[in-house]
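The chain contents come next:
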Amino acid sequence: MKRPTRLPFLVAVALLATGSVPVAAAHTRVRTPEPLGVTTTAPASAENARVGVLVRGGAHYCTASVVHSEGRDLIVTAAHCLTGSGSGSGGIAFVPGYRDGQAPYGTWAVARTYVGDGWKGRQDQDSDVAFARVVSRGGEEVEDLVGGNRLVAGRGLSPVGRVVTVVGYPKARETPVSCTNISTAYGGSQQRIECPGYSGGTSGSPWIDAEGRVVGVLGGFQQGGSTDDVSYSVVFGGEAAALYGEATSG
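The structure contained in this document is the topic of the report that follows. (Residues numbered from 1 in each chain as written. Predicted model: local features only at pLDDT ≥ 70, side-chain atom pairs only at ≥ 80, totals over all residues. Heavy atoms only, no water.)

1. Comments concerning the side chain of serine 127
Then comes step 1: Mapped onto the elements of the fold, serine 127 is located in the loop between helix H1 (117-122) and strand S9 (130-134).
Then comes step 2: For serine 127, a relative accessible area of 4% corresponds to the buried category.
Then comes step 3: Look past the residues within four positions of serine 127 in its chain and what remains in contact with it is Ala79, Gly118, Trp119, Val234 and Glu239. (Helix = DSSP H or I, 4+ residues; strand = E, 2+ residues; numbered from the N terminus. Buried < 20%, exposed > 50% of the residue type's maximum accessible area, 1.4 Å probe, protein only. Contact = heavy atoms within 4.5 Å.)

2. Comments concerning the nonpolar core
Then comes step 1: Of all hydrophobic cores here, the largest spans 22 residues; its most connected members are Leu54, Tyr61, Ile75, Leu82, Phe94, Val134 and Val142.
Then comes step 2: Within the residue set of this core, elements represented by two or more residues are strand S5 (59-67), strand S8 (108-115), S9 and helix H2 (142-146).
Then comes step 3: If you look at the next biggest cluster of nonpolar residues, it comprises 18 residues, including Leu74, Phe236, Ala240 and Tyr244. (Core = buried A, V, L, I, M, F, W, Y, C linked by side-chain atoms within 4.5 Å.)

3. Concerning the pairing of S9
Then comes step 1: Along S9, 4 of the 5 residues are buried, which leaves the element largely enclosed by surrounding structure.
Then comes step 2: As judged from the 4 bridges shared by strand S6 (residues 74-77) and S9, these two strands associate in the antiparallel manner. Directly across from isoleucine 75, in S9, lies its bridge partner alanine 132.
Then comes step 3: Inspection of the sheet shows S8 paired to S9 by 5 bridges, in the antiparallel sense. Bridge pairing in S9 places arginine 112 opposite arginine 133. (Pairing = 2+ DSSP bridges.)

4. Re the pattern of salt bridges
Then comes step 1: This structure, assessed with the given rule, holds 9 salt bridges.
Then comes step 2: The shortest N-O distance in the salt bridge between arginine 133 and aspartate 73 comes to 3.4 Å. Taken as a pair, arginine 133 in strand S9 and aspartate 73 in the loop between S5 and S6 lie far apart in primary sequence, 60 residues in all.
Then comes step 3: The exposure class assigned to arginine 133 is partly exposed, which follows from its relative accessible area of 24%.
Then comes step 4: Here aspartate 73 falls in the buried class, since its relative accessible area comes to 11%.
Then comes step 5: A salt bridge links lysine 120 to aspartate 117, with the shortest nitrogen-to-oxygen separation between them at 3.7 Å. A residue pair is termed a helical-turn pair when its members lie 3 or 4 positions apart in one helix, as lysine 120 and aspartate 117 do in helix H1 at 3 residues.
Then comes step 6: Among the residues examined, lysine 120 registers a relative accessible area of 58% and is labelled exposed.
Then comes step 7: Through salt bridges that share partners, Arg162, Asp209, Glu211 and Arg213 make up one connected network. (Salt bridge = Lys/Arg side-chain N within 4 Å of Asp/Glu carboxyl O.)

5. Here's the deal with the state of the cysteines
Then comes step 1: Taken as a whole and assessed by the stated rule, the structure comprises 2 disulfides.
Then comes step 2: Through a disulfide, cysteine 62 is tied to cysteine 81; the S-S separation comes to 2.1 Å. Judged by the sign of its S-S torsion, about -80°, the bond between cysteine 62 and cysteine 81 is left-handed. Note that cysteine 62 is positioned in strand S5 and cysteine 81 in the loop between S6 and strand S7 (93-96), a separation of 19 residues in sequence.
Then comes step 3: Overall, cysteine 62 belongs to the buried group, its relative accessible area being 0%.
Then comes step 4: A sulfur-sulfur separation of 2.0 Å characterises the disulfide bridge that pairs cysteine 179 with cysteine 195. One quick way to see it: the torsion about the S-S bond of cysteine 179 and cysteine 195 is about -80°, and its sign makes the bridge left-handed. Of this pair, cysteine 179 sits in strand S12 (residues 177-186) while cysteine 195 sits in the loop between strand S13 (190-194) and strand S14 (206-209); the two residues are 16 residues apart in sequence, bridging distant segments of the chain.
Then comes step 5: You can call cysteine 179 buried: its relative accessible area is 1%.
Then comes step 6: Exposure remark for cysteine 195: the relative accessible area of 2% places this residue in the buried category. (Disulfide = S-S within 2.5 Å.)

Laid out in structure tokens, this is it:
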């Protein structure tokens, strides 16, 4: 199980403030990732700056990433990363591009979280995706600063044979890791990927396809998997699309 990780957090947390459903475009490029199934340190880049850590109680414990929205203030993660926070912030903050104890793009307080009824009611592993809106800083939104990936959800999205890159923050590191491989179906509502080294703290890591779209987040089956070498995500269907719509309408 990819359980939330509590590590020493070196950044001072300053809380400043159906059918296929393609979600609006934002700042992407097509990649041809090689090799497959190898986990490395994720380089500092414009794309990876959209991925960061969730912080609560002075420690980072999960991964999240910026997704495009009209309000330009939205992040996506796993629902189990936001359990217990209710509809408010629960003292959570998001630090995009966190690296080696630094917050190069600042720290963003979470204003509100959006968790589906399937997770809130019974912790349904097929509902393990959630969104959160963050507070603007000095009139600037987080997406204005680091950009945001498109999110794609709906029954038309097939996980089988899709090349995805997973970027996240594991337990024993202060830098993110990255691995690209081909996702495969796991049952009718989950997808899986074989990449080593995705331990506690990587829950909520975005699964980004070759077109720069978020097509999953690390979670789902056993909250992301029982080993570090195989990870899971829910398939973004109608429920995820509806939850995204609720979060963007605010």
